[in-house]
Amino acid sequence: AQGVGVNYGLLGDNLPAPDAVVGLLKSRNITKVRIFEPNTEVLKALEGSNIEVVVGVRNKDLQLLASDPNSASSWVDTNVKPLIPAVKFRYVVAGNEVISGPLAKFVHGAMSNLDRALKGANISVPVSTAVSYDVMGVSYPPNGSFSDTHLEVMGSIVSFLEQNGSPILANVYPYFTYVNDPENVHLDYVLGTSLDVVLTDGPLNYKMLIDAMLDASIYLALEKMGGISVRIVVSESGWPSAGNGDFATIANAQTYVNNLIAHVSSGLGTPMRPGNATETYVFALFNEDLKPAGTEQNFGLWYP
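A brief report on the enclosed structure follows. (Residues numbered from 1 in each chain as written. Predicted model: local features only at pLDDT ≥ 70, side-chain atom pairs only at ≥ 80, totals over all residues. Heavy atoms only, no water.)

Attention now goes to helix α10 (residues 250-266). Given a rise of 1.5 Å per residue, 17 residues ought to cover 24 Å, and the 24 Å separating the end C-alpha atoms of α10 matches this to within 8%. Taken residue by residue, α10 has N252, A253, Y256, V257, L260, H263 and V264 as its buried positions. In an axial view of α10, the angular spread of the buried residues amounts to 130°, which keeps them on one side of the axis. Away from the buried face of α10 by more than 90 degrees, exposed residues I250 and Q254 are located. Each element contacted by the buried residues of α10 is listed here: β1 (4-7), α7 (174-180), α8 (187-191), α9 (209-224), β11 (232-237) and β12 (280-282). Just beyond α10, the residue with positive phi is G267, at close to 75°. (Helix = DSSP H or I, 4+ residues; strand = E, 2+ residues; numbered from the N terminus. Expected span 1.5 Å × (residues − 1). Buried < 20%, exposed > 50% of the residue type's maximum accessible area, 1.4 Å probe, protein only. Arc of directions from axis to C-beta. Contact = heavy atoms within 4.5 Å.)

Structure representation (structure tokens):
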């Protein structure tokens, strides 16, 4: 599926070597992968693989990159420039889920400096950031909007993305919406198995919760901030196979992920953006045992 990739995290002490991981990706026809930092060993393994890579900037590096253009140039010269064309970079992502914390104020500056550094090196790779669903203030149609506390930061980010034709990366988990309110949120709507329309928003009809989360929340919020042409890339979405009783089961994880892949692969898009497949990265490649105990350790498609 051309629109589907996978997140490749490294928070485990028993993970296969990167060369073996790349072999696994190729054997499953996975053509896109997202990594959370420019890990030298992983990037080396991806050389010549023809797998597109979304590479993250570590959250702790954002402040320096925002304040010093030379640091951004150095980051590009170290982590991107020497690997082209052997590595196919899809996006450079300035931070993961930092908008709600103290590093939020550095995201726009880091994005701008990285973008200038890439263009200065004659490298055409879009720059973005990955946000959690927590940036939403109102997420129910038709009033989707970003949280008041994040408006200033999101305003500068959305303006950057609109001007540069770059997407916003969003981590979207219907699983958490379900477990927070299982009495009112129906499992078939969340898993993508509903045969009936569950939500109607004017002329738009929704059978899958993730479509409603994208349309009625994030796309509406983007439009309100002037991001008319900014598209959403789902940088993370998945379902845990253990760690939370009957909610987190292999059967539910299999159903959600397979339906998500089928939906993206269909090219139908969302009701608000029909005909445009939503580029999506499943979370995650492996269970990672160095994460906090519970569901966090159990989002893997594979055991290590």
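That covers the picture; the talk isn't over yet.
Spatially, eight strands are ordered β1-β2-β3-β4-β5-β8-β11-β12 in a closed barrel, and the strand pairing comes out parallel. Neighbour to neighbour, the strand axes of the sheet diverge by 25° on average, direction disregarded. Relative to strand β5 (residues 127-132), strand β4 (residues 88-96) is paired through three bridges, and the arrangement is parallel. In the sheet register, N96 faces β5, and the bridge partner there is A130. The sheet strands contacting helix α6 (residues 151-164) are β5 and β8 (168-171), and the helix crosses β5 at an angle near 140°. (Pairing = 2+ DSSP bridges. Axes fitted to C-alpha atoms, helices over the stretch in contact; angles between N-to-C directions.)

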